[in-house]
Amino acid sequence: MDLVKKRSGTQVTTVDVHAAKNLLNQGHRYLDVRTEEEFKNGHPENALNIPYMFNTPEGRVKNPKFLDQVLAVCGKEDNLVVGCQSGVRSVYATTDLLDAEFKHVLNMGGGYIAWVGNGFEVKKPGLCDHLQN
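**Notes on the side chain of Thr94**
- Mapped onto the elements, Thr94 comes out in helix H4 (residues 89–99).
- By relative accessible area, Thr94 is classed as buried at 0%.
- Side-chain polar atoms of Thr94 contact the backbone oxygen of Ser90, separated by 2.7 Å.
- The residues touching Thr94, leaving out its near neighbours within four places in the chain, are Val12, Val82, Val105, Leu106 and Asn107.

**Thoughts on unusual backbone geometry**
- With a phi angle near 65°, Asn46 is a residue other than glycine that sits in the positive phi range.
- Although it is not a glycine, Glu101 adopts a positive phi angle of roughly 75°.
- Mapped onto the secondary structure, Glu101 falls in the loop between H4 and strand S8 (104–108).

**What to know about the environment of Val61**
- Structurally, the position occupied by Val61 is in strand S6 (residues 59–62).
- A relative accessible area of 36% means that Val61 is categorised as partly exposed.
- Contact partners of Val61, with chain neighbours within four places excluded, come to Tyr52, Met53, Phe54 and Thr56.

**Examining the pattern of salt bridges**
- Under the counting rule described, the total for this entry stands at five salt bridges.
- The salt bridge involving Glu38 is made with Arg89; its shortest N-O contact spans 2.8 Å. Of this pair, Glu38 sits in helix H2 (residues 36–40) while Arg89 sits in helix H4, and the two are 51 residues apart along the sequence. Both residues of the pair, Glu38 and Arg89, count as buried.
- A salt bridge links Lys62 to Asp96; its shortest N-O distance comes to 2.8 Å. Residue Lys62 is found in strand S6, and its partner Asp96 is found in helix H4; the two are separated by 34 residues along the sequence.
- Judged by its relative accessible area of 17%, Asp96 falls in the buried class.
- In this structure, a network of salt bridges that share partners links the residues Glu38, Arg60 and Arg89.

Calculation criteria
- Residues numbered from 1 in each chain as written.
- Predicted model: local features only at pLDDT ≥ 70, side-chain atom pairs only at ≥ 80, totals over all residues.
- Heavy atoms only, no water.
- Helix = DSSP H or I, 4+ residues; strand = E, 2+ residues; numbered from the N terminus.
- Buried < 20%, exposed > 50% of the residue type's maximum accessible area, 1.4 Å probe, protein only.
- Polar contact = N/O pair within 3.5 Å; in protein donor to acceptor, adjacent residues only side chain to side chain.
- Contact = heavy atoms within 4.5 Å.
- Salt bridge = Lys/Arg side-chain N within 4 Å of Asp/Glu carboxyl O.

Dropping the structure here:
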């Protein structure tokens, strides 16, 4: 595990995708902080999508309701693994969660790219998903 110290002084623990997969198999929740568009292209099974940033005509901007949205579905004692596309946004999201007093939050290094690159299972939209909605 790597420790990354952010400007806030918060230490973020980063685990590789193999460790993250093992933690998810043990009951941790996967918080995918990619945009909805990225999430819809594929994600780990049972992932929870709360975007940390939104795409706008001016570029990406931080989701001002990110913490409130996470608090609406996760408790501060929940075991969370946070991932994004490549592992950058998830560091910032993990920092914000730890600063908001979430206790058990880990960053997944390499993000979705590393997840797919290791051949791990992903859920992609299909006909059944559209029929269920």
